[in-house]
Amino acid sequence: MQTERAPVRGTVERVRPRDTAVSVRGLRKTYRSRGAGGTARVAAVDGLDLHVERGEIFAVLGPNGAGKTTTVEILEGFRDRDAGEVSVLGEDPARAGRAWRARIGVVQQDSRDLGELTVAEMVGATARYYPVPGEPAEVIEAVGLTEHARKRTRALSGGQRRRLDVALGIVGRPDLLFLDEPTTGFDPQARRSFWDLVTGLRDDGATILLTTHYLEEAAYLADRVVVIDHGTVVASGAPDSLGGPDARTPLVSWLDGGARRSLRTDRPTEAVARLAREIGGPGGEIPGLTITRPTLEDVYLDLIGGGRTAAEEGAGTGAETSAGSSDESSEARR
Ligand SMILES: Nc1ncnc2c1ncn2[C@@H]1O[C@H](COP(=O)(O)OP(=O)(O)OP(=O)(O)O)[C@@H](O)[C@H]1O
């Protein structure tokens, strides 16, 4: 369990465990689905464990159908589970009451049916459900909808509707905010301001549980990520350490007689110096040299079995590298 230093009166410090926001053990959910061949059972969530600490942004990643939305809906109290222990802000969502719900903010995957109300009316009406809501005009400003505040919600664009969903999710000033693919349809600028908004909420003490297919979003926002596939956890950790240290080993790549060659090494400077001596042109210039460090997306794709092929990495030939006899610990020919 992670700990934080908590100052105690005087000069003595003690170590205390951080609070838990969400705890899940052995979660299971099976659906019946009807198809041409009769009724089949789909294990959407298959023995899932999660631990989210208060005050962190926690991202749940996984391919389509991995079980993310089912899991999140169970945590939100909107879906029953078949088995497993679930605690959200100290309560079981299947039994929690109105006071618990007022502490939870939800932005679901699908936009709500919005109808005739204006943005300002909708946010104002939603605020009244909560004991200590945010100021509607400030919330509308925070999601960048001020100039559309008097517009009827049915007249909003897709990205503007999504921003309104976010406004409705945060207007109750939740302790725990669920964001299920919140930035789908956002333009790049809106996505950036949304990221600032989310980090601001975290800095104000909220816990955020985010599902997203945008890996750069998870890399930017999340304190920790979990990758799930077929309803179970395949990896978890901080975005920059997911998959273990070898997963981020840099790739040095260059052209040799027209063929692209590459070398994985945790000492790229040394490899480049050797290449410059051995195959470098005038001034030691190495043709087509690139050095890349795998991104969260690369690591994710490897974890779920959709990693880059040698061809995608530009190796093509599988030829041995001239630096291939190096003693670099994590060398791999591509
Ligand atoms: N109401 C339902 N009835 C039957 N099967 C369902 C139902 N909801 C989800 N499933 C199935 O359960 C599995 C997990 O679905 P879920 O929506 O939780 O995945 P997801 O990770 O959120 O996917 P996506 O990234 O596409 O949103 C899928 O195989 C899906 O087809």
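Going by the structure above, here's the rest.
Keep in mind that what you see is a predicted model, and the values were worked out from it rather than measured.

Trainee: Please clarify how the site of the ligand should be interpreted in this entry.
Mentor: Taken together, 14 residues sit near the ligand, with Gly65, Lys68, Thr69, Thr70 and His213 positioned nearest. Interatomic distance of 2.8 Å between a backbone N/O atom of Gly65 and an oxygen atom of the ligand. Within the contact set of the ligand, an oxygen atom lies 3.1 Å away from a backbone nitrogen or oxygen of Ala66. Listing elements by their share of the shell around the ligand, those giving two or more residues are β4 (38-53) and α1 (68-76). Grouping the amino acids of the shell around the ligand by side-chain chemistry returns 5 nonpolar, 7 polar and 2 charged.

Trainee: What is the right way to read helix α3 (residues 119-127) from this model?
Mentor: Side chains of residues three or four places apart in an α-helix project in the same direction, reflecting 3.6 residues per turn. Residues of α3 that are buried: Val119, Met122, Val123, Gly124, Thr126 and Ala127. Each element contacted by the buried residues of α3 is listed here: α4 (136-142) and α5 (158-170).

Trainee: Would you mind going over the packing of aromatic side chains with me for this structure?
Mentor: Each aromatic ring pair is specified by the distance between its two centres and by the angle formed by the two planes. Per the stated rule, a full pass over the model turns up 2 aromatic pairs. Across from the ring centre of Phe186, 6.0 Å away, lies the NZ or CZ of Arg163, which sits over that ring.

Trainee: Explanation requested: the sheet that holds strand β9 (residues 207-211) in the structure shown.
Mentor: Each strand in a sheet pairs with another by means of backbone hydrogen bonds, the pair being arranged parallel or else antiparallel. A sheet is described by the order of its strands in space; here 6 strands give the open sequence β7-β8-β9-β5-β10-β11, paired in mixed fashion. Each edge of the sheet is formed by a strand with only one pairing partner; in this case those strands are β7 (104-107) and β11 (232-237). Ignoring which end each strand starts from, the neighbouring axes of this sheet average 15° apart. Sheet analysis places strand β5 (residues 57-61) next to strand β10 (residues 224-229), joined by 4 bridges and oriented parallel. Bridge assignment links Phe58 to a residue of β10, and that residue is Arg224.

Trainee: Please explain the pattern of salt bridges as it appears in this structure.
Mentor: What the rule picks out here adds up to 14 salt bridges. Residue Glu270 is joined to Arg267 by a salt bridge in which the shortest nitrogen-to-oxygen separation is 3.0 Å. A relative accessible area of 37% places Arg267 in the partly exposed class.

Trainee: I would appreciate a short explanation of the sheet that holds strand β14 (residues 290-292) in the present structure.
Mentor: Taken in spatial order, the 3 strands make up an open sheet running β13-β12-β14, and their pairing is antiparallel. Each of the sheet's edge strands pairs with one partner strand only, and the pair in question is β13 (259-264) and β14. Direction aside, neighbouring strands of the sheet carry axes that sit 20° apart on average. Of the pairings in the sheet, the one linking strand β12 (residues 251-256) to β14 comprises 3 bridges and is antiparallel in character. The partner of Ser253 across the bridge, within β14, is Thr290. Packing against the sheet, helix α8 (residues 268-279) makes contact with β12, β13 and β14, and its axis sits at approximately 10° to β12.

Trainee: Before we go on, may I ask you to explain the side chain of Thr183 in this structure?
Mentor: For Thr183, the location among the structural elements is in the loop between β8 (176-180) and α6 (188-203). Discounting chain neighbours no more than four positions away, the residues touching Thr183 are Arg191, Phe194, Tyr214 and Glu217.

Criteria and thresholds
Residues numbered from 1 in each chain as written. Predicted model: local features only at pLDDT ≥ 70, side-chain atom pairs only at ≥ 80, totals over all residues. Heavy atoms only, no water. Near = heavy atom within 4 Å. Polar contact = N/O pair within 3.5 Å; in protein donor to acceptor, adjacent residues only side chain to side chain. Helix = DSSP H or I, 4+ residues; strand = E, 2+ residues; numbered from the N terminus. Nonpolar A, V, L, I, M, F, W, Y, C, P; charged D, E, K, R; others polar. Buried < 20%, exposed > 50% of the residue type's maximum accessible area, 1.4 Å probe, protein only. Contact = heavy atoms within 4.5 Å. Phe/Tyr/Trp six-rings, centres within 6.5 Å; stacked < 30°, edge-to-face > 60°. Lys NZ or Arg CZ within 6 Å of the ring centre and 35° of its normal. Pairing = 2+ DSSP bridges. Axes fitted to C-alpha atoms, helices over the stretch in contact; angles between N-to-C directions. Salt bridge = Lys/Arg side-chain N within 4 Å of Asp/Glu carboxyl O.

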